[in-house]
Amino acid sequence: MSDFEAQLRAASLRVTRPRLAVLAALRDHPHVGTDAVIALVRADHPTISHQAVYDVLRVLTDAGLVRRIQPAGATARYESRVADNHHHVVCRSCGVIADVDCAVGHAPCLTAPVDHGFVVDEAEVVYWGTCPDCATARTPQRSASSEGSS
């Protein structure tokens, strides 16, 4: 039995080809949107419909096997890293998302100064910045002709 099959069974879900395909796509391509998941799944399984992928994403999210994240101003993205408390860093230029481990290591990892009587069990933090590729692209490159003239 594969890890994906075990995860589905542990969540009391039937093991189906669309569910296995979506889990594989998210394992190999974290932080992708619905359209990308559809394209990834259909590349290997062209008979799986768009609607099936939407339904599988909803079921897997509801079951806690997939996490849906939606940074401000961005479309929803999905990831299969759900077994820990982690956060995300988002590039303001290209929108790429990367995982950032929790600063403390256990949920909620941050303590609210005032909790208003809530029992806080999770803190969601999104860091914003510029990814290395975009930072490099923004750095003015000196041309060979300007290096020789002075």
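Residues numbered from 1 in each chain as written. Predicted model: local features only at pLDDT ≥ 70, side-chain atom pairs only at ≥ 80, totals over all residues. Heavy atoms only, no water.

**Brief notes about the pairing of strand S5 (residues 97-101)**
Along a regular strand, successive side chains alternate from one face of the sheet to the other.
Here is step 1: As judged from the five bridges shared by strand S4 (residues 86-91) and S5, these two strands associate in the antiparallel manner. Bridged to His87 within S5 is Val100.
Here is step 2: The turn linking S4 back onto S5 is made up of five residues, and Gly95 within it adopts a positive phi angle of 85°. (Pairing = 2+ DSSP bridges. Helix = DSSP H or I, 4+ residues; strand = E, 2+ residues; numbered from the N terminus.)

**A closer look at the environment of Thr75**
Here is step 1: Locating Thr75 in the fold gives a position in the loop between strand S2 (67-69) and strand S3 (77-79).
Here is step 2: On the accessibility criterion, Thr75 (55% relative accessible area) is exposed.
Here is step 3: Along the backbone, Thr75 and Gly95 are 20 residues apart, and their C-alpha atoms lie at a distance of 9.9 Å.
Here is step 4: With residues near it in sequence (within four places) discarded, Thr75 still touches Ile69 and Gln70. (Buried < 20%, exposed > 50% of the residue type's maximum accessible area, 1.4 Å probe, protein only. Contact = heavy atoms within 4.5 Å.)

**A look at the side chain of His31**
Here is step 1: For His31, the location among the structural elements is in the loop between helix H2 (17-28) and strand S1 (32-33).
Here is step 2: At a separation of 2.7 Å, a polar atom in the side chain of His31 contacts the side chain of Asp99.
Here is step 3: Apart from the residues within four sequence positions on either side, His31 is in contact with Ile69, Arg77, Tyr78, Glu79, His88, Ile97, Ala98 and Asp99. (Polar contact = N/O pair within 3.5 Å; in protein donor to acceptor, adjacent residues only side chain to side chain.)

**Considering the environment of Val90**
Here is step 1: Checked against the element boundaries, Val90 lands in strand S4.
Here is step 2: Classification of Val90 by relative accessible area gives buried; the value is 5%.
Here is step 3: When the C-alpha atoms of Val90 and Ala74 are compared, they prove to be 9.9 Å apart, with 16 residues separating the residues in sequence.
Here is step 4: Apart from the residues within four sequence positions on either side, Val90 is in contact with Pro71, Gly95, Val96, Ile97, Val126, Tyr127, Trp128 and Gly129.

**What about the sheet that holds S3?**
Backbone-to-backbone hydrogen bonds join strands into a sheet, with any given pair of strands oriented parallel or antiparallel.
Here is step 1: Pairing is antiparallel across the open sheet formed by three strands, whose spatial order is S1-S3-S2. Every other strand in the sheet has two partners, leaving S1 and S2 as the edge strands with one partner each.
Here is step 2: Note that S2 and S3 share three bridges and pair antiparallel. Across the sheet, residue Arg68 finds its bridge partner in S3, namely Tyr78.

**Some words on the UniProt feature "binding site: Zn(2+)" (unreviewed entry) in the chain**
Here is step 1: Within this structure's numbering, the places UniProt gives as "binding site: Zn(2+)" (unreviewed entry) are Cys91, Cys94, Cys131 and Cys134. Annotated residues spanning 44 residues; largest pairwise C-alpha distance 8.2 Å, indicating a single compact cluster.
Here is step 2: Its place among the elements puts Cys91 in strand S4.
Here is step 3: Taking the relative accessible area as the measure of exposure, Cys91 reaches 4% and is therefore buried.
Here is step 4: Leaving out residues up to four positions away in the same chain, Cys91 has contacts with Val96, Gly129, Thr130, Cys131 and Cys134.
Here is step 5: With respect to the secondary-structure elements, Cys94 resides in the loop between S4 and S5.
Here is step 6: We classify Cys94 as partly exposed; its relative accessible area is 46%. (UniProt positions renumbered as here; feature names shortened; annotations may be inferred.)

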